[in-house]
Each structure stands twice: as C-alpha cells, then as structure tokens.
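Below are the chains, spelled out letter by letter.
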Amino acid sequence: MTEAPVVGERRIKSSSGTAEERLVVATKIAIGPHVFKAEITLTRRDEMGFPMLLGRQTIRKRFLVDPGRSYVLGTPPGPDGA
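A few points on the structure.

## Brief notes about the overall build of the protein chain
Okay, step 1: When helices and strands are tallied, the protein chain shows one helix and three strands.
Okay, step 2: Counting only C-alpha atoms, the protein chain reaches 35 × 30 × 30 Å along its principal axes.
Okay, step 3: In the protein chain, buried positions account for 11% of the 82 residues.
Okay, step 4: Of all intrachain contacts in the protein chain linking residues separated by at least 6 positions in sequence, the fraction that spans at least 24 positions is 16%.
Okay, step 5: With an accessible surface of roughly 7,400 Å², the protein chain has 54% of that area assigned to carbon and sulfur atoms.
Okay, step 6: The distance from the centre of the 13 positive side-chain charges to the centre of the 9 negative ones in the protein chain is 10 Å.

## With respect to the side chain of Arg45
Okay, step 1: Along the polypeptide, Arg45 turns up in the loop between strand 3 (34–41) and helix 1 (56–59).
Okay, step 2: There is no salt bridge for the buried Arg45, and the closest opposite charge comes from Glu20, which lies 8.2 Å off by N-O distance.
Okay, step 3: Here Arg45 is in contact with Phe50, Pro51, Met52 and Leu53, once residues within four sequence places are set aside.

## A look at the pairing of strand 1 (residues 6–13)
Okay, step 1: When you tally the buried positions in strand 1, you get zero out of eight residues, a small fraction of the element.
Okay, step 2: Bridge analysis of strand 1 against strand 2 (residues 19–31) gives seven bridges, and the strand direction is antiparallel. The residue of strand 2 that forms the bridge with Lys13 is Ala19.
Okay, step 3: With antiparallel pairing between neighbouring strands as the criterion, strand 1 and strand 2 make up a hairpin whose turn holds five residues, including Gly17 at a positive phi of roughly 95°.

## Regarding the pattern of salt bridges
Okay, step 1: This structure, assessed with the given rule, holds four salt bridges.
Okay, step 2: In this structure, the salt-bridge partner of Arg22 is Glu20, at a minimum N-O distance of 2.8 Å.
Okay, step 3: With a relative accessible area of 32%, Glu20 lands in the partly exposed category.

## Topic: the sheet that holds strand 2
Okay, step 1: If you trace the three strands from one edge of the open sheet to the other, you get 1-2-3, paired in antiparallel fashion. Bordering the open sheet on either side are strand 1 and strand 3, each of which pairs with just one other strand. For this sheet the average axis-to-axis angle between neighbouring strands, irrespective of direction, equals 35°.

## Considerations on the nonpolar core
Okay, step 1: In this structure, Val25, Ile29, Phe36, Ala38 and Ile40 together form the largest nonpolar core, which totals five residues.
Okay, step 2: Element by element, the count of residues in this core is highest for strand 3, at three residues.
Okay, step 3: Apart from the residues within four sequence positions on either side, Ile40 is in contact with Leu23, Val24, Val25, Thr27, Ile29 and Met52.

Parameters and conventions
- Residues numbered from 1 in each chain as written.
- Predicted model: local features only at pLDDT ≥ 70, side-chain atom pairs only at ≥ 80, totals over all residues.
- Heavy atoms only, no water.
- Helix = DSSP H or I, 4+ residues; strand = E, 2+ residues; numbered from the N terminus.
- Buried < 20%, exposed > 50% of the residue type's maximum accessible area, 1.4 Å probe, protein only.
- Contact = heavy atoms within 4.5 Å.
- Areas by Shrake-Rupley, 256 points an atom, 1.4 Å probe, with all protein chains shown as cover.
- Lys, Arg positive; Asp, Glu negative; His and termini not counted.
- Charge placed at Lys NZ, Arg CZ, Asp CG, Glu CD.
- Salt bridge = Lys/Arg side-chain N within 4 Å of Asp/Glu carboxyl O.
- Pairing = 2+ DSSP bridges.
- Axes fitted to C-alpha atoms, helices over the stretch in contact; angles between N-to-C directions.
- Core = buried A, V, L, I, M, F, W, Y, C linked by side-chain atoms within 4.5 Å.

Structural data, given as structure tokens:
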C-alpha cells in the first residue's frame, strides 16, 4: 500500500448537492508520459464508474480536454492489473 502526506481537509459538495469533509493528500499523478504533483481529496468511489476524478484545477494549463474522445491513451488495466 502506498502512503501520501495529509496536507489538510476540505469541504466538498458533490454533484447531488451533499457536502462532506474530505482529507487532502499531496501525491504525484501520471497521465501517459506526464507526471506532476497534485493535491487530491479522498472519498470512497468503489461503486462509481471511475475510481478517480481529476478536477479543473488539476488539469488547468496541463491538458486540453476533447469531450468527443475517450481513452485516448488506451483503456485502463482491470482490477488485477491486466
């Protein structure tokens, strides 16, 4: 298991309007060949379609989003790594 330092807490409002306090950790994120530092909030997403979401602040000035395309870097590996 990997560990990351907790840098704070934030109150986050979900798309359904529910607010919750979340821990914030500092970590590195890799998207294709790009690796960068980011602060992310933690929440359980095991019943959601995607295990992680990247917000506007994280991708700003790094990536251009084309909403008409998906999995440009290939499909992610399954739970067993394959």
